[in-house]
Amino acid sequence: MVGMSQAPFHILLVEDEPVIRELVRSMLSDGTVDVVCAANGLEGLKLARSRTFHLILMDVVLPQLDGISACRILKSDPVTATVPLYMLTAKAKKSDMESATLAGADGYIHKPFRGAELMALVERLRMAPPRSEPA
């Protein structure tokens, strides 16, 4: 296999529930996928700006800064705007999904989620050509 395909794929998970953080981390981390976790919106924002991630998974209901606000901030920042950001949440009303889309979220994964759904998303993004940087 080509060396590029084995480059680490970095995921930021912003989730306040320790059990879900550990579940997602253990499910996705496989040596070529690295999952970094934040327990609240402000910590997630800080981490997202401090290093390069290939995917951000974010809960909607978070302490200190909710996921919709954090998404809006990240999508308006040229440094983080091109990073795919998926909401990972139990908030499943149509209005919740519309709020996430308006804030710039690239997708919405409902809790309880299936492990296969998350793994397929990561695999799809790993195989996709890199997004171009904003001008």
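Parameters and conventions
- Residues numbered from 1 in each chain as written.
- Predicted model: local features only at pLDDT ≥ 70, side-chain atom pairs only at ≥ 80, totals over all residues.
- Heavy atoms only, no water.
- Helix = DSSP H or I, 4+ residues; strand = E, 2+ residues; numbered from the N terminus.
- Contact = heavy atoms within 4.5 Å.
- UniProt positions renumbered as here; feature names shortened; annotations may be inferred.
- Buried < 20%, exposed > 50% of the residue type's maximum accessible area, 1.4 Å probe, protein only.
- Polar contact = N/O pair within 3.5 Å; in protein donor to acceptor, adjacent residues only side chain to side chain.
- Core = buried A, V, L, I, M, F, W, Y, C linked by side-chain atoms within 4.5 Å.
- Axes fitted to C-alpha atoms, helices over the stretch in contact; angles between N-to-C directions.
- Parallel < 35°, antiparallel > 145°, perpendicular 65-115°, else oblique.
- Left-handed = near helix turned anticlockwise from the far one by under 90°.
- Nonpolar A, V, L, I, M, F, W, Y, C, P; charged D, E, K, R; others polar.

1. Section: the environment of Ile-11
Within the secondary structure layout, Ile-11 lies in strand E1 (residues 9-14). Apart from residues no more than four positions distant in its own chain, Ile-11 is found in contact with Leu-28, Val-33, Asp-34, Val-35, Val-36, Phe-53, Leu-55, Leu-57 and Val-122.

2. Overview of the UniProt feature "modified residue: 4-aspartylphosphate" (unreviewed entry) in the protein chain
Under the present numbering, the feature "modified residue: 4-aspartylphosphate" (unreviewed entry) in UniProt falls on Asp-59. Tracing the backbone shows Asp-59 in the loop between strand E3 (55-58) and helix H3 (67-76). Classification of Asp-59 by relative accessible area gives buried; the value is 5%. Ignoring anything within four residues of it in the chain, the contact list for Asp-59 reads Val-14, Glu-15, Asp-16, Gly-67, Met-87, Leu-88, Thr-89 and Lys-111. At 3.4 Å, the side chain of Asp-59 and the side chain of Thr-89 are in polar contact.

3. Some words on the nonpolar core
Counting residues in hydrophobic clusters, the biggest one holds 23 residues, and the most contacted among them are Leu-12, Ile-56, Met-58, Leu-74, Leu-85 and Met-87. Elements with a minimum of two residues in this core: E1, strand E2 (33-38), helix H2 (41-50), E3, H3, strand E4 (85-89) and helix H4 (94-103). Of all the elements, H3 adds the most residues to this core, at four residues. When neighbours within four sequence positions are excluded, Met-87 is seen to be in contact with Met-58, Asp-59, Val-60, Gly-67, Ile-68, Cys-71, Ala-100, Ala-105, Gly-107, Tyr-108 and Ile-109.

4. Here's the deal with the packing of H2 against H3
Two elements in contact, H2 and H3, have axes separated by 10 Å at closest approach and are oriented at 20°. By the angle between their directions, the pair H2 and H3 is classed as roughly parallel. Note that H2 runs across H3; the crossing there is right-handed. On the side of H2, the interface is formed by Leu-45, Ala-48 and Arg-49, while H3 contributes Ala-70, Ile-73 and Leu-74. A class-by-class count of the residues in the contact of H2 with H3 yields five nonpolar, no polar and one charged.

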